[in-house]
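# Summary of the model geometry
As a plain string of letters, each chain reads:
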Amino acid sequence: MTLTRRGLLAGAAALGAGALLPATAGAAPAGFPDYRYQRLALVKSKLRYNPTGELIFPCVRGTAGRIPGALGAYYLYYAPHDAPGGICLAYANSLDEEFTEYAGNPIIGNSWPGEYSVSHVSSPHALWNDDVKRLYLYFHGENTVTRLASSADGIHFTYEKEVLSTRLQPAGTTETSYARVFRQDFPAKNARYVMVFMLNNTTNHRDIGWGWSPDALNWTFSPTPLVRHTDVGASDIGGPHLLSRNNSTYVVYNTDIGHGGSLMITEVGNDFSKRNHLGVFHAPLAGAPDNGRCAAPSFGTYQGREYMIYEAGARLAGNIAIARAV
């Protein structure tokens with residue numbers, strides 16, 4: 001049985017920056033469930049496209065009311081990380097079943113004639129943009145650049161542009177990748193979308209960066225991280241995802257396996273002015289499939305029940321797992 005967040009969470013008021021989290025019971029933020037592992041979303045041995053034997057960074061999106069004639073009620077985007085990578089698609093009619101691989105994977109490769117040719121593309125994040133009625137797909141390649149492509153059907157994409165790169169960050173930045181974008185009103189910045197991403201520099205300790213946009217195309221980025229690895233006593237943090245509860249906004253992110261391999265949660269507030277580090281959101285299973293590490297969560301709802309689809313297992317050996325609220 002997995003350890004639950006409720007058994008590990010500690011309030012920020014009781015912790016200084018970088019303090020270790022006690023394994024004593026603490027109240028979880030109201031409205032957030034505990035999640036229990038159910039099954040793998042994909043069985044690697046069945047995949048036609050599986051060049052490196054490792055799958056990362058899932059993103060699940062419902063298709064109802066968005067994509068007529070969709071292959072399934074849910075589209076799952078994922079990728080290998082190592083070269084050549086490749087943005088992949090799978091589909092299902094529920095979040096309780098194994099997903100079916102799309103026969104034409106990868107739907108985006110590491111070369112797009114006239115646009116880029118890189119060693120790999122990875123970390124897909126899909127956003128249905130109601131403003132333009134298209135699916136926006138963000139992905140990195142190389143680790144210094146995040147790109148955007150858009151689609152009406154979630155399968156066939158048009159290249160849009162680079163949206164994030166190390167050159168848009170402070171001097172010494174070496175990585176800007178693993179970005180997720182969310183519809184989030186931010187009046188103080190005249191923005192309607194927020195991006196969170198993994199940020200690295202010459203110290204080689206990864207933090208969570210962030211930015212804002214009026215249209216999910218053109219971005220402004222904060223010169224300082226949203227969450228620093230030192231805030232939670234880790235060497236590296238990444239795989240961020242925004243969640244909303246209690247009329248507030250939270251960021252969930254993973255720590256390196258050497259510092260727990262857990263998903264952590266920080267309340268940032270709707271104006272992103274808070275930094276309430278609330279501790280462990282979800283702890284990994286010691287055994288399969290997590291093997292001490294869970295990362296890069298995506299969230300969905302099926303028949304009124306909440307699900308978390310996440311990267312399970314050691315880095316560069318992972319698979320995509322499904323956990324359900326209990």
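For the structure itself, look to the data block above.
Here the structure is a predicted model, which means the values were calculated and not measured. (Residues numbered from 1 in each chain as written. Predicted model: local features only at pLDDT ≥ 70, side-chain atom pairs only at ≥ 80, totals over all residues. Heavy atoms only, no water.)

### Brief notes about the packing of aromatic side chains
Applying the stated criterion across every chain, the model contains 21 aromatic pairs. For the ring pair Tyr-116 and Tyr-159, a centre distance of 5.7 Å and an interplane angle of 55 degrees mean the geometry is tilted. Of this pair, Tyr-116 sits in strand β7 (residues 116–117) while Tyr-159 sits in strand β11 (residues 158–165); the two residues are 43 residues apart in sequence, bridging distant segments of the chain. For Tyr-116, a relative accessible area of 6% translates into the label buried. Joined through ring pairs, the aromatic side chains of Phe-32, Tyr-35, Tyr-250, Phe-281 and Phe-299 make up one cluster. The ring of Phe-57 is capped by Arg-180, whose NZ or CZ atom sits 4.1 Å from the centre of that ring. (Phe/Tyr/Trp six-rings, centres within 6.5 Å; stacked < 30°, edge-to-face > 60°. Helix = DSSP H or I, 4+ residues; strand = E, 2+ residues; numbered from the N terminus. Buried < 20%, exposed > 50% of the residue type's maximum accessible area, 1.4 Å probe, protein only. Lys NZ or Arg CZ within 6 Å of the ring centre and 35° of its normal.)

### Let's talk about the sheet that holds strand β12 (residues 173–186)
Across the sheet, four strands lie side by side as β12-β13-β14-β15; this open sheet has antiparallel pairing. Bordering the open sheet on either side are β12 and β15 (220–221), each of which pairs with just one other strand. In terms of strand pairing, strand β13 (residues 191–201) meets strand β14 (residues 207–213) through seven bridges, oriented antiparallel. Bridge pairing in β14 places Val-194 opposite Trp-212. (Pairing = 2+ DSSP bridges.)

### With respect to the layout of surface pockets
Left-over empty space is what a probe sized like a water molecule reveals as it rolls over the atoms. Put simply, the largest pocket is a space of about 650 Å³. The wall of the largest pocket is formed by 29 residues, among which Arg-61, Arg-66, Phe-182, His-241 and Phe-299 lie closest to the centre. Secondary structure elements with two or more residues in the lining of the largest pocket: β2 (56–62), β8 (122–129), β12, β13, β16 (237–245) and β20 (294–302). Class assignment of the residues belonging to the lining of the largest pocket gives a composition of 12 nonpolar, nine polar and eight charged. The computed volume of the second largest pocket comes to approximately 410 Å³. Breaking the lining of the second largest pocket down by element, the ones donating at least two residues are β2, β12, β16, β17 (248–255) and β20. Among the elements that make up the lining of the second largest pocket, the one with the highest residue count is β16 (three residues). Tallied by class, residues from the lining of the second largest pocket come to nine nonpolar, seven polar and seven charged. (1 Å grid on protein atoms, 1.4 Å probe; cavity = no way out; pocket = protein on both sides within 12 Å on 5 of 7 lines; lining within 4 Å. Points joined across faces, edges and corners; volume = space filled by probe spheres on them. Nonpolar A, V, L, I, M, F, W, Y, C, P; charged D, E, K, R; others polar.)

### Concerning the pattern of salt bridges
Tallied over the entire structure, the rule returns 13 salt bridges. With a closest N to O distance of 3.9 Å, Arg-39 and Glu-98 form a salt bridge. With Arg-39 in strand β1 (residues 35–40) and Glu-98 in the loop between β4 (88–92) and β5 (100–101), this pair connects stretches of sequence that are 59 residues apart. Since its relative accessible area comes to 28%, Arg-39 is described here as partly exposed. (Salt bridge = Lys/Arg side-chain N within 4 Å of Asp/Glu carboxyl O.)

### Points about unusual backbone geometry
Cis geometry marks the peptide bond from Gly-141 to Glu-142; its omega dihedral reads -10 degrees. Here Ala-288 and Pro-289 are connected by a cis peptide whose omega angle stands at 0 degrees. Within the secondary structure layout, Pro-289 lies in the loop between β19 (276–282) and β20. Even without being a glycine, Asn-246 presents a positive backbone phi close to 55 degrees. Structurally, Asn-246 is set in the loop between β16 and β17. Within the chain, Asn-291 stands out as a residue other than glycine whose phi angle is a positive 50 degrees. Turning to its location among the elements, Asn-291 is positioned in the loop between β19 and β20. Owing to a relative accessible area of 44%, Asn-291 belongs among the partly exposed residues under this scheme.

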